[in-house]
Amino acid sequence: MRLGTVIATLAIASGVATAAVAAEVAPGDVAFTDDGVAMSLTGTAGDPDEGAKVFKNKKLGNCLACHANTAMEKELFHGNVGPVLDGVAGRYSTEQLRAIVTNSKQMFTQDTVMPGFYSLEVGKDVTKDLVGKTILAAQQVEDVVAYLGTLKE
Amino acid sequence: MNNISLFITGPVIALALAAGIAAVKADPVDDTLTIDGKEMISRAKAPEGHPFDEVMSGWLFRTAETRALEADTFVNPGMLEVEEGGAIWNTVEGTAGKSCASCHGDAAESMKDVGANYPKWDSDSGRPINIELQINKCREKNMGAEPYAFDKGGQKALTAYVKHQSLGTPVSIDLGQGEMQNWWDRGKELYYTRTGQLNLSCASCHEANMGKMIRADHLSQGQINGFPTYRLKQGKLISVHNRFRGCIRDTRAEMPKAFSDELMALEVYVTWRGTGLSVETPAVRQ
């Protein structure tokens, strides 16, 4: 049974099915096309302020580990493993950004070092308590995508 | 990668602030490591079949402050533990009433250059062994003493003392011994295997992104010619297998046990990747 189905089943069983949970796309069900990922992962619009927090947080996105971002100049230490994200909203559509953050391997190549943040395509021997879990929750991905949308030249 | 973000020291913060984000420095320095007047080989032509043209010591990737600490044995904080290792060398332990010195005499002579050639094939156990395991073998067979548990007792200090007797000697291992070549093959496969939720291999960081910044850390080639190394952040010597385990944990993967087949194979392969670099034990790292 897929994670999304489990969540939906649980939610219905306990009688607290909210629209957001019910509409959540499971990591294995995300539809990638040449244009990216068209459908929101949750049906709830992303919140750019929340997305900024996820982006910087070392335990969540930790995007700054690999990407510099002038809009976060006050944060210490920006990595340069990946490209600078200044103006990234001008280079990619929302659908493409959603695809990159969800599972970069679908957008770039299998060789990319950028982790898939909402993907179960992971490495070997995943830490026991993280097995079957994604790095970010679906809504956190939507929030990060909304934040990336604010990064215009 | 939570752990990587913790490797932050005072001077680095000041530098980063002054430099701003645009000026992240990324190249290894053009500098020569001379320890107590003896020039180290910190760049060497890579052996045949190596992915790089040149192998480089991790020293070249550290800050000026950290580099200076390694260049002078009087200020190198790792030397304290090396001296402890020297004391252990002469201490009688076990039922046979012997110390290391009882069999090997003066380490400056008997152990000169020895550490540069490990891991070696051990026909008794039918696997490669490193200095730590050779010490344990001597303790059990020749001293009648208990083997050290991983990183416990005097293991790190004594290993560092033995390796320090090869300071400056180029690393070179003999893959012709026993089944060393098979272990090298296995180690190579592990080096390129992506692990953990972050889905990264050793090569993702130390080959594909060598020289780049990953948050506050300057990625080196991940060489082990300076191990055990003194880490400023932890304030003590860190063994090779501890470092390997830490890097694997940072990919959010389960860590193989110290001295397991996986980590011994990795040690054989990673040692080979540093062929020609001087032994720098105890190196100083952030």
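Residues numbered from 1 in each chain as written. Chains lettered and ligands numbered in written order. Predicted model: local features only at pLDDT ≥ 70, side-chain atom pairs only at ≥ 80, totals over all residues. Heavy atoms only, no water.

Quick notes on the overall build of chain A
Next, step 1: Per the secondary structure count, chain A includes seven helices and zero strands.
Next, step 2: For chain A, the succession of helices and strands along the chain, N to C, is α-α-α-α-α-α-α.
Next, step 3: Out of the 153 residues belonging to chain A, those deemed buried represent 41%.
Next, step 4: Of all intrachain contacts in chain A linking residues separated by at least 6 positions in sequence, the fraction that spans at least 24 positions is 51%.
Next, step 5: For chain A, the computed accessible surface area is about 7900 Å², with 57% contributed by carbon and sulfur atoms. (Helix = DSSP H or I, 4+ residues; strand = E, 2+ residues; numbered from the N terminus. Buried < 20%, exposed > 50% of the residue type's maximum accessible area, 1.4 Å probe, protein only. Contact = heavy atoms within 4.5 Å. Areas by Shrake-Rupley, 256 points an atom, 1.4 Å probe, with all protein chains shown as cover.)

Quick notes on the domain arrangement of chain B
Residues and elements named next belong to chain B.
Next, step 1: Along its sequence, chain B is organised into domain 1 (3–75 + 169–285) and domain 2 (79–164).
Next, step 2: Placing the centre of domain 1 and that of domain 2 at their C-alpha centroids yields a distance of 24 Å.
Next, step 3: The interface of domain 1 with domain 2 comprises 31 residues on the first partner and 26 residues on the second.
Next, step 4: Of the roughly 2400 Å² buried at the junction of domain 1 and domain 2 (both faces included), carbon and sulfur atoms supply 64%.
Next, step 5: Of all residues in domain 1, Leu-237, Phe-259 and Met-264 bury the most surface against domain 2, accounting for 24% of the area lost on that side.
Next, step 6: Joining domain 1 to domain 2, the criterion identifies one salt bridge.
Next, step 7: Among the ionic pairs, Asp-261 bridges to Arg-127, the shortest N-O distance being 3.0 Å. (Domains from an automatic or database assignment. Buried area = accessible area lost by both parts, 1.4 Å probe. Salt bridge = Lys/Arg side-chain N within 4 Å of Asp/Glu carboxyl O.)

Points about unusual backbone geometry
Next, step 1: Residue B:Pro228 is bonded to the preceding B:Phe227 through a cis peptide linkage, with omega at -15°.
Next, step 2: Of note, B:Pro228 is situated in the loop between strand E8 (217–218) and strand E9 (229–231).
Next, step 3: The residue after B:Thr281, namely B:Pro282, is reached through a cis peptide bond having omega -5°.
Next, step 4: Mapped onto the elements of the fold, B:Pro282 is located in the loop between helix H11 (261–273) and strand E11 (284–285).
Next, step 5: Residue A:Asn62 is not a glycine yet carries a positive backbone phi of 45°.
Next, step 6: Tracing the backbone shows A:Asn62 in the loop between helix H3 (48–56) and helix H4 (88–91).
Next, step 7: Even without a glycine there, the phi angle at A:Asp125 is positive, about 55°.
Next, step 8: Assignment of secondary structure puts A:Asp125 in the loop between helix H6 (104–107) and helix H7 (138–148).

Describing the confidence of the model for chain B
Detailed reading of predicted coordinates is not advised where the pLDDT is low.
Residues and elements named next belong to chain B.
Next, step 1: Per-residue confidence for chain B gives a mean pLDDT of 92, with 91% of residues at or over 70.
Next, step 2: For residues 1–24, every residue scores under 50 in pLDDT, and the model assigns this stretch 41 contacts once sequence neighbours within four places are set aside.
Next, step 3: Among the scores for the predicted complex, ipTM is 0.90 and pTM is 0.90. (pLDDT = per-residue confidence, 0-100.)

Some remarks on the interface of chain B and chain A
Next, step 1: At the interface, 30 residues of chain B touch 36 residues of chain A.
Next, step 2: Regarding the contact of chain B and chain A, the summed buried area is about 2900 Å², with carbon and sulfur atoms giving 58% of it.
Next, step 3: For the interface between chain B and chain A, the tally reads one salt bridge.
Next, step 4: Residue A:Lys128 is joined to B:Glu254 by a salt bridge in which the shortest nitrogen-to-oxygen separation is 4.0 Å.
Next, step 5: Taken together, the links from chain B to chain A amount to 18 residue pairs in polar contact (both at pLDDT 80 or more).
Next, step 6: With four residues, the single largest contributor to the side of chain B that touches chain A is helix H1 (residues 10–19) of chain B.
Next, step 7: When grouped by side-chain class, the residues that make up the side of chain B that touches chain A number 16 nonpolar, nine polar and five charged. (Polar contact = N/O pair within 3.5 Å; in protein donor to acceptor, adjacent residues only side chain to side chain. Nonpolar A, V, L, I, M, F, W, Y, C, P; charged D, E, K, R; others polar.)

Regarding the confidence of the model for chain A
Next, step 1: Of the residues in chain A, 86% have a pLDDT of 70 or more, and the chain-wide mean is 89.
Next, step 2: The model gives residues 1–20 of chain A a pLDDT under 50, and that stretch makes 15 contacts with residues more than four places away or in other chains.

Observations concerning the pattern of salt bridges
All names here are of chain A.
Next, step 1: Under the defined criterion, the tally for this structure stands at 16 salt bridges over all chains.
Next, step 2: With a shortest N-O distance of 2.8 Å, Arg-98 and Glu-142 are connected by a salt bridge. With a gap of 44 residues between them, Arg-98 in helix H5 (residues 94–102) and Glu-142 in helix H7 connect regions that are remote in the sequence. Of the two residues examined, Arg-98 and Glu-142, each falls in the buried class.

Some words on the packing of aromatic side chains
All names here are of chain B.
Next, step 1: Going through the model one piece at a time under the given rule, you end up with eight aromatic pairs over all chains.
Next, step 2: Summarising the aromatic geometry, the rings of Trp-89 and Tyr-161 are spaced 5.8 Å apart at their centres and angled 55° between planes, so their arrangement reads as tilted. With Trp-89 in helix H3 (residues 79–89) and Tyr-161 in helix H7 (residues 155–164), the pair connects residues that are 72 residues apart, well separated along the chain. A single burial state applies to Trp-89 and to Tyr-161, both of which are buried. (Phe/Tyr/Trp six-rings, centres within 6.5 Å; stacked < 30°, edge-to-face > 60°.)

Points about the side chain of B:His50
Residue and element names in this part refer to chain B.
Next, step 1: For His-50, the location among the structural elements is in the loop between strand E3 (43–45) and strand E4 (54–56).
Next, step 2: Looking at His-50, the relative accessible area reads 11%, which means it is buried.
Next, step 3: The residues contacting His-50, other than those within four sequence positions of it, are Val-55, Trp-272 and Arg-273.

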